[in-house]
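Inside the fold
The residues making up each chain are set out below.
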Amino acid sequence: MVERIRTLVGWGVLLLAGLLFPFFVGNDYHLTVMSTAYLFAIATLGLNLIVGYTGQFNLAHASFMAIGAYTVGILTVDHGYSYWLSFFLAGVVTVAIGLPLGWVSLRLKGHYFSIFTMCVGYIIFLVIEKWEDLTHGPVGIIGIPGPEPIGAFDFESPRSQYYLMFFFLVLSVWVMRRIVNSLLGRTFMAIRNGDDLAEALGINLMRNKLTAFLLSVLYAGWAGALYAGYVRFLGPDLAGVHHTFDMTMYMLVGGLGTLIGPLLGSISVPWLTQYLQFLQEYRFLIFGPILILLVIYLPHGVVGTWLGWRARQADAARSNATQE
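Everything quoted here is computed from the prediction, not taken from an experiment. (Residues numbered from 1 in each chain as written. Predicted model: local features only at pLDDT ≥ 70, side-chain atom pairs only at ≥ 80, totals over all residues. Heavy atoms only, no water.)

Focus: the overall build of the protein
Filter applied, for reference: Helix numbers and strand numbers start at the N terminus; a helix is a DSSP run of H or I with at least 4 residues, a strand a run of E with at least 2. Working definition: with a 1.4 Å probe on protein chains only, accessible area under 20% of the residue-type maximum means buried, over 50% means exposed, and in between means partly exposed. Here, residues are in contact when the closest pair of their heavy atoms is within 4.5 Å. For accessible areas, the Shrake-Rupley method is used with a probe of radius 1.4 Å. Any residue's cover is judged against the shown protein chains and nothing else.
Looking only at helices and strands, one finds 14 helices and two strands in the protein. Judged by the C-alpha coordinates and their principal axes, the protein covers about 75 × 50 × 45 Å. Counting across all 324 residues of the protein, residues that qualify as buried make up 46%. When contacts within the protein are restricted to residue pairs at least 6 apart in sequence, long-range pairs at least 24 apart make up 76% of them. Accessible surface, the protein: about 16700 Å² in total, of which carbon and sulfur atoms supply 69%.

Here it is in structure tokens:
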């Protein structure tokens, strides 16, 4: 009970901090940085589900984010659909494309799966770049409309856009928390810990891996759909594998296979790079060694290391109580 109360208080503090953030920033640029961080945090939560909880490293994750974004761009700009209908369809299209790709790729294991998905991601990037009649090619899609007002709430000001992204982030975290704490989430973790053992326990590997994969790409697709309505411009670069590596870095910094770790990484790393902007092209001379130190001394990420320390403390306390 004490642990549950402590957890609820922690999440409540984070929720309050997010709600009050716009009142303590100096300008709209800070809201833009944080809103963009929230978008990539949603996508990173999805990547963490397939990588951190299920143990399958999908290198095409950014490409699925691009699929969601381009679905919104094409439907709104070229076909006159409303943003919210396009947003819903972005999830449908992303899952529909992810289903056959996941069914094929998940038959591979380990680094073979990762290499295959990297190739899939590059193919998606080439399709976006070369299929000019559909995606506008290298020129990209401009003039994407933003979200339409919902009742009395419009999303034209930077503050209202911030709260929209924050709302979807909170919703994404809540849903992900329900997933990972459910029987389905424990099944994913059993697969991560060992395919053979999970199969011996009667777990259908293919079905559960595919479920995790589709939930993961759904998060990516809807993050991309939000990105399209927020940035209002899309280019093929969004499908680049470097965005997947960025999200992987967020997970590693925060803590792979934890719920709050990807959030911490997705928010802290972009802000760190912003504060190092004054170094211009030399900023990575500082940022790189910081990441190396984190990997060496905090191999499980900030949150993962902290949770490990708490677990060791609890084990030590139980051991002392037993001896007494």
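Let's pick the thread back up.
Focus: helix α2 (residues 28-53)
Just so we agree on the cut-off: The span one expects for a helix is its residue count, reduced by one, times 1.5 Å. One axis is fitted to the seven residues ending at the residue and one to the seven starting there. The bend at that residue is the angle between these axes. In the analysis that follows, any N or O atom pair within 3.5 Å is treated as a polar contact, provided that within protein one partner can donate a hydrogen and the other can accept it, and provided that, for residues neighboring in sequence, both atoms belong to side chains.
Taking 1.5 Å per residue as the helical rise, α2 with its 26 residues ought to reach 38 Å, and the 36 Å between its terminal C-alpha atoms agrees with that figure. The largest bend in α2 is about 30 degrees, located at leucine 47. Among the 26 residues that make up α2, 21 are buried, leaving the element largely enclosed by the rest of the structure. If you check the start of α2, you find a side-chain oxygen 3.0 Å away from the backbone N of tyrosine 29, and it comes from asparagine 27. Just past α2, the residue glycine 55 takes up positive phi, approximately 80 degrees.

A few points about a nonpolar patch on the surface
Using the following cut-off: The patch calculation keeps residues exceeding 30% relative accessible area without a salt bridge and links them within 9 Å when they carry like charges or within 5 Å when they are nonpolar (Val, Leu, Ile, Met, Phe, Trp, Tyr). Just to be clear on terms, a salt bridge is a Lys or Arg side-chain nitrogen sitting within 4 Å of an Asp or Glu carboxyl oxygen.
Together, Leu15, Leu16, Leu19, Leu20, Phe23, Phe24 and Val170 make up a nonpolar patch on the protein surface, roughly 670 Å² of accessible area in all. In terms of residues, the nonpolar patch owes the most to one element, helix α1 (residues 2-20), which gives four residues. Structurally, leucine 19 is set in helix α1.

Considerations on the packing of aromatic side chains
The description of two aromatic rings rests on the distance between their centres and on the angle between their planes. Threshold: Aromatic rings from Phe, Tyr and Trp, taking only the six-membered ring of Trp, are treated as a pair when their centres fall within 6.5 Å; an angle between ring planes under 30 degrees marks them as stacked, one over 60 as edge-to-face, and anything in between as tilted. Whether a charge lies above a ring is judged from NZ of Lys or CZ of Arg, which has to be within 6 Å of the ring centre and within 35 degrees of the ring normal.
For the structure on display, the rule yields 17 aromatic pairs. Judged by centre distance (6.2 Å) and plane angle (25 degrees), the rings of tryptophan 84 and phenylalanine 168 are stacked. You can see tryptophan 84 sitting in helix α4 (residues 83-105) and its partner phenylalanine 168 sitting in helix α7 (residues 158-180), a full 84 residues away along the chain. Tryptophan 84 gets classed as partly exposed once you look at its relative accessible area, which sits at 22%. These aromatic residues form a ring-pair network of at least three members: Tyr83, Trp84, Phe87, Phe155, Phe167, Phe168 and Trp222. When the ring centre of tryptophan 103 is taken as origin, the NZ or CZ atom of arginine 107, which lies over that ring, is 4.0 Å away. A cation sits over an aromatic face here: arginine 159 above phenylalanine 23, 4.6 Å from the ring centre.

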